[in-house]
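Structural overview for review
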Amino acid sequence: MDAKQLYASLKKIQEPKGYHFNTDMDMTMPLLESLLTNKERFGYMACPCRLANGEYEEDKDIICPCVYREEDVREYGACYCALYVSKEYNDGSIEKKVVPERRPPEKILF
Amino acid sequence: MNDIKVYALSTCIHCRNAKKYLDECGVKYECVHVDELTGDERKQAVKAVKEVNPAVSFPTIVIKDKVIVGFHKDQIDKALKED
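So, a few notes on the structure that sits alongside this text. (Residues numbered from 1 in each chain as written. Chains lettered and ligands numbered in written order. Predicted model: local features only at pLDDT ≥ 70, side-chain atom pairs only at ≥ 80, totals over all residues. Heavy atoms only, no water.)

Side note on the overall build of chain B
Helix and strand counts for chain B stand at three helices and four strands. Reading the helices (α) and strands (β) of chain B from amino to carboxyl end gives β-α-β-α-β-β-α. Whereas a compact globule of 83 residues would reach a radius of gyration of roughly 12 Å, chain B reaches 12 Å, a difference of no more than 12%. Counting only C-alpha atoms, chain B reaches 35 × 25 × 20 Å along its principal axes. (Helix = DSSP H or I, 4+ residues; strand = E, 2+ residues; numbered from the N terminus. Rg over C-alpha atoms; globule rule 2.2 N^0.38 Å.)

Shown next as structure tokens:
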């Protein structure tokens, strides 16, 4: 699978839930490529913008889409890595901010 | 301007963009890709990040005594000007 195929398959699942891909393709495509890199590295698509432990059980909360996405998109219009965003984020009606990390640092084990 | 340190992840787009911006600013920096480290090296790096950024998030950019968490162009500009 390449990033384009991943884009197409995730779009079908995520858009009906109200999560849109960032229309800035200079962000979205590298992020999707990094998700595939992590899948190869760890066997699962850990968030590319977080330090994964490398063990499934220990990284469950950051497997994309991460458990923090819902709150982040609600509050900031974008998830932590800005792969998934709200409609308003994409149409420019809300300010694009850097999303602060919500994952507790204790989750990083090694 | 050799005392700029960037703690980054090789897969992170914000880290990549921040490094690109520092390159465009023409400054030299040392970059540590924490996700590529293992064992003690990794422990040391995580500890170093934690000291300046308790959230252990990336990029963590240290410009002299300024710590910039995440890719904030304005904060980078400000810290570089004070250099």
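What about the interface of chain A and chain B?
Reports of interface size often rely on the accessible area that becomes lost once the parts have come together. Counting residues at the interface gives 22 residues for chain A and 22 residues for chain B. Both faces combined, the contact of chain A with chain B buries some 1600 Å², and carbon together with sulfur accounts for 61% of it. Interface area lost by chain A to chain B is led by Arg41(A), Leu51(A) and Val98(A), which between them contribute 30%. Run the count over chain A and chain B and you get one salt bridge. Arg41(A) is paired through a salt bridge with Asp35(B); the nearest N and O atoms lie 2.9 Å apart. Where chain A meets chain B, there are 10 residue pairs in polar contact (both at pLDDT 80 or more). In terms of residue class, the side of chain A that touches chain B is built from 14 nonpolar, four polar and four charged. (Contact = heavy atoms within 4.5 Å. Buried area = accessible area lost by both parts, 1.4 Å probe. Salt bridge = Lys/Arg side-chain N within 4 Å of Asp/Glu carboxyl O. Polar contact = N/O pair within 3.5 Å; in protein donor to acceptor, adjacent residues only side chain to side chain. Nonpolar A, V, L, I, M, F, W, Y, C, P; charged D, E, K, R; others polar.)

Digging into the layout of surface pockets
For the largest pocket, the calculated volume is near 480 Å³. Surrounding the largest pocket, 25 residues form its lining, Met27(A), Lys97(A), Val98(A), His14(B) and Phe71(B) being those nearest its centre. In terms of residue class, the lining of the largest pocket is built from 13 nonpolar, seven polar and five charged. (1 Å grid on protein atoms, 1.4 Å probe; cavity = no way out; pocket = protein on both sides within 12 Å on 5 of 7 lines; lining within 4 Å. Points joined across faces, edges and corners; volume = space filled by probe spheres on them.)

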